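Results of the structural survey
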Amino acid sequence: MRPVIPYVTAALLFGLGVYGVLRRRNAVLVLMAVELMLNAVNLILVTADTTTRAVLPHSGQVFALFVIVLAAAEIGVGLAIVLQLYRLRASVAVDDVPLTEPAAHRVGAEPAVDRAEVGR
């Protein structure tokens, strides 16, 4: 078997996934792009397993199975986060997600004091 075709296909899939992660604003589409990258890695693992003589037989296929399990767990957690984001913000745009929380909501933060009341 010529391994060039699966390797090139996996490289194109991975590149398309990276483009999707960097350019998309919708969180669901970002998760789909991450899945595309993981599937490209699976294709490389299975192709490498079939084309090389490894010390452990079928090790690439076992690693691909672990990547599939990891991808399923990632989708479960990712979709839960996206659903919670939609409930809170009514949007799944990645640009609208605050990366830091405001000072008033932090644990142990002191409440804001109005300067007009301090002088009274």
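Preceding block: the structure.
Quick summary incoming for the structure in this document. This one's a predicted model, so the numbers in the text were calculated from it and none came from an experiment.

The N-to-C vectors of helix H1 (residues 4–23) and helix H2 (residues 27–51) enclose an angle of 160°; their axes lie 8 Å apart at closest approach. It follows that H1 is roughly antiparallel to H2 by the angle criterion. For the crossing formed where H1 meets H2, the hand is left-handed. Taken together, the residues of H2 that come into contact with H1 (itself represented by Pro6, Tyr7, Thr9, Ala10, Leu13, Phe14, Leu16, Gly17, Val18, Gly20 and Val21) are Val30, Ala33, Val34, Leu36, Met37, Ala40, Val41, Leu43, Ile44, Thr47, Ala48 and Thr51. For the contact of H1 with H2, the class distribution of residues is 18 nonpolar, five polar and no charged.

The next subject is H2. The end-to-end C-alpha separation of H2 is 37 Å, in line with the 36 Å expected for 25 residues at 1.5 Å each. The set of residues buried in H2 consists of Ala27, Val30, Leu31, Ala33, Glu35, Met37, Leu38, Ala40, Asn42, Thr47 and Asp49. Measuring from the side-chain oxygen of the N-cap residue of H2 to the backbone nitrogen of Val28 gives 3.2 Å; that N-cap residue is Asn26.

So, about H1. Compared with an ideal rise of 1.5 Å per residue, which puts 20 residues at 28 Å, H1 spans 28 Å between its outermost C-alpha atoms and is within 8% of the ideal. All buried positions along H1 are accounted for by Pro6, Ala10, Gly17 and Gly20. Looking straight down H1, one finds that the buried residues subtend no more than 85° of arc, so they occupy a single side. Away from its buried face, by an angle of more than 90 degrees, H1 presents the exposed residues Val4, Ile5, Leu12, Leu16, Leu22 and Arg23. Its buried side turned inward, H1 meets H2.

Calculation criteria
Residues numbered from 1 in each chain as written. Predicted model: local features only at pLDDT ≥ 70, side-chain atom pairs only at ≥ 80, totals over all residues. Heavy atoms only, no water. Axes fitted to C-alpha atoms, helices over the stretch in contact; angles between N-to-C directions. Helix = DSSP H or I, 4+ residues; strand = E, 2+ residues; numbered from the N terminus. Parallel < 35°, antiparallel > 145°, perpendicular 65-115°, else oblique. Left-handed = near helix turned anticlockwise from the far one by under 90°. Contact = heavy atoms within 4.5 Å. Nonpolar A, V, L, I, M, F, W, Y, C, P; charged D, E, K, R; others polar. Expected span 1.5 Å × (residues − 1). Buried < 20%, exposed > 50% of the residue type's maximum accessible area, 1.4 Å probe, protein only. Polar contact = N/O pair within 3.5 Å; in protein donor to acceptor, adjacent residues only side chain to side chain. Arc of directions from axis to C-beta.

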